[in-house]
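Residues per chain are reported as follows:
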Amino acid sequence: MRAFPCPNCRRLNHFEVRVCPNCQATLGYDPQIDAFRFLADGATVWRDGQGGIADVVVCANNNDYQICNWLVEQDDTTPMCRACRHNRTIPDLTEPSVPPRWAKIEAAKRRLFHTLMKLGLPLETKMEEQPGLQGLAFDFLYDAAAEQAGTPQIYTGHDGGVITLNLIEADDAERERMRHAMGEPYRTLLGHFRHEVGHHYWSRLVETDAAELEAFRAVFGDERIDYQQALQAHYNDDGSKIWTDDFVSFYATSHPWEDFAETFAHYLHIVDVLATAGGFDLSLAALPGDGAGLEVELNFDPYTADTRALADAMGPLSFAMNAINRSMGQPDLYPFHLSDAIVVKLDYVHDLAAKARARNRVAEPA
């Protein structure tokens, strides 16, 4: 996503900012305007950068735990912001290691919700759930005894619109250990959220629509094959299983549900990376010699652009990002390759999001 200017002094800030480092104004993100508002000089009214004011208050999770920087309309039905209202379970905060880990999780989740809202995807809570309209909720769980014993009993996953996340995933060392153990090129909190919410949207947008389900099967395969057997075969693989260019990750080869969730997450990766680059007005010029084909102009909206435009821009941009990372001795920032088969799957996710966005616009009150 783009950098956000402080509405008081115009200094660019990251999405997680709470106080502007330049003018010291208290900042709060208002999803209604996709921008920050500010409080300055002891004021109690939230203002934008043009002198406008709004009847908004800070999220209750900011008041109670100093864990959120989003704003809520004063007359909303809940004191929780658009992201925090989906929390069903938060971890036991009396354990000293929990609050900083939970803060990392919530920061990643707010980035997820920013993208989902920009894409116009439906975001019902469990309280708003209706037949055929599955709500979304989060359980953030922590088992201190299991962590100390090295035998985690809480697994990250999705079931019926409820995403469970083991708090240990917020520990960088443990997450990196698990990444190596599972042979993954990429493992982040934000990546977990994007993958698991992909399962939610499969249930929300695909499973309940017979025509959509057939379209899904034509691209990803028949999800009616036994899921547990497929996962067991995947994890018990003796090394003979081949990860082909038809799948965005090795885990995607395990089952059509996982292929969709991995592809959905990857679509969000690409959209946000290109939106961030575009927000800084980045571009790549044609290079001399053999550099032809590495030029790109990000003069489109990634949240609505067609899949081919996204893939064509991501190729040269990811090459440049990886080169910059390597210059710092870091692994590739984008360790993936977009084959034609993967682009077809990404195109399915793009079309699914576009149809959901169109339905949302029709359903919104005038």
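Please read all numbers here as calculations on a predicted model, not as lab measurements.

*Asks:* For this particular structure, what's the right way to read the overall build of the protein chain?
*Replies:* Along its length, the protein chain carries ten helices and 14 strands. Taken over C-alpha atoms, the radius of gyration comes to 21 Å for the protein chain, in line with the 21 Å a tight globule of 366 residues would show. Dimensions along the principal axes, computed over C-alpha positions, put the protein chain at roughly 65 × 55 × 50 Å. Classification of the 366 residues of the protein chain by burial places 47% in the buried group.

*Asks:* What is the right way to look at helix H8 (residues 256–279) in this model?
*Replies:* Turn by turn, an α-helix covers 3.6 residues, leaving residues three or four places apart pointing in a common direction. A rise of 1.5 Å per residue sets the reference length of H8, with its 24 residues, at 34 Å; its end C-alpha atoms lie 34 Å apart and thus fit the reference within 8%. Burial analysis of H8 places 19 of its 24 residues in the buried class, which makes it a mostly covered element. Of the residues trailing H8, Asp281 is marked for its positive phi of about 55 degrees.

*Asks:* What is the right way to look at unusual backbone geometry in this model?
*Replies:* If a residue is not glycine, its phi is most likely negative; likewise, a peptide bond is most likely trans. Although it is not a glycine, Asp34 adopts a positive phi angle of roughly 50 degrees. Along the chain, the position of Asp34 falls in the loop between strand E3 (26–30) and strand E4 (35–39). Given a relative accessible area of 13%, Asp34 falls into the buried group. You will see that Gln66, though not glycine, has its phi angle at about 55 degrees, which is positive. Among the secondary structure elements, Gln66 is positioned in the loop between helix H1 (60–65) and strand E8 (71–73). With a relative accessible area of 52%, Gln66 lands in the exposed category.

*Asks:* Any chance you could explain helix H5 (residues 189–206) here in plain terms?
*Replies:* In this model, H5 (18 residues) spans 25 Å end to end at C-alpha, consistent with the 26 Å of a helix rising 1.5 Å per residue. Here H5 lies mainly inside the structure; 18 of its 18 residues are buried.

*Asks:* How should I be thinking about the packing of aromatic side chains in this particular structure?
*Replies:* In this description, an aromatic ring pair is defined by two values, namely the gap between the centres and the angle between the planes. Taken as a whole and assessed by the stated rule, the structure comprises 27 aromatic pairs. Judged by centre distance (5.4 Å) and plane angle (75 degrees), the ring pair of Tyr65 and Trp102 falls under edge-to-face. Here Tyr65, found in helix H1, pairs with Trp102, found in helix H2 (residues 98–119); they are 37 residues apart in sequence, far enough to count as distant. Given the relative accessible area of 1%, Trp102 is considered buried. Arranged with centres 6.4 Å apart and planes meeting at 75 degrees, the rings of Phe260 and Tyr348 form a pair that is edge-to-face. Of this pair, Phe260 sits in helix H8 while Tyr348 sits in helix H10 (residues 340–363), and the two are 88 residues apart along the sequence.

*Asks:* In this structure, what is going on with the environment of Gly161? I would like to understand it.
*Replies:* Here Gly161 lies in the loop between strand E11 (157–159) and strand E12 (162–166). Put simply, Gly161 and Thr125 are 36 residues apart on the chain and 9.2 Å apart in space, counted from C-alpha to C-alpha.

*Asks:* Even after reading the chapter, I still don't get the environment of Asn61, so can you show me in this structure?
*Replies:* Positionally, Asn61 belongs in helix H1. A relative accessible area of 3% places Asn61 in the buried class. Between the C-alpha atom of Asn61 and that of Arg85, which follows or precedes it by 24 residues, the distance is 9.6 Å. Apart from residues lying up to four places away in sequence, Asn61 is in contact with Gln66, Ile67, Cys68, Met80, Cys84, Asn87 and Trp102.

Rules used in this analysis
Residues numbered from 1 in each chain as written. Predicted model: local features only at pLDDT ≥ 70, side-chain atom pairs only at ≥ 80, totals over all residues. Heavy atoms only, no water. Helix = DSSP H or I, 4+ residues; strand = E, 2+ residues; numbered from the N terminus. Rg over C-alpha atoms; globule rule 2.2 N^0.38 Å. Buried < 20%, exposed > 50% of the residue type's maximum accessible area, 1.4 Å probe, protein only. Expected span 1.5 Å × (residues − 1). Phe/Tyr/Trp six-rings, centres within 6.5 Å; stacked < 30°, edge-to-face > 60°. Contact = heavy atoms within 4.5 Å.

The values are spatial; any link to function lies outside them.
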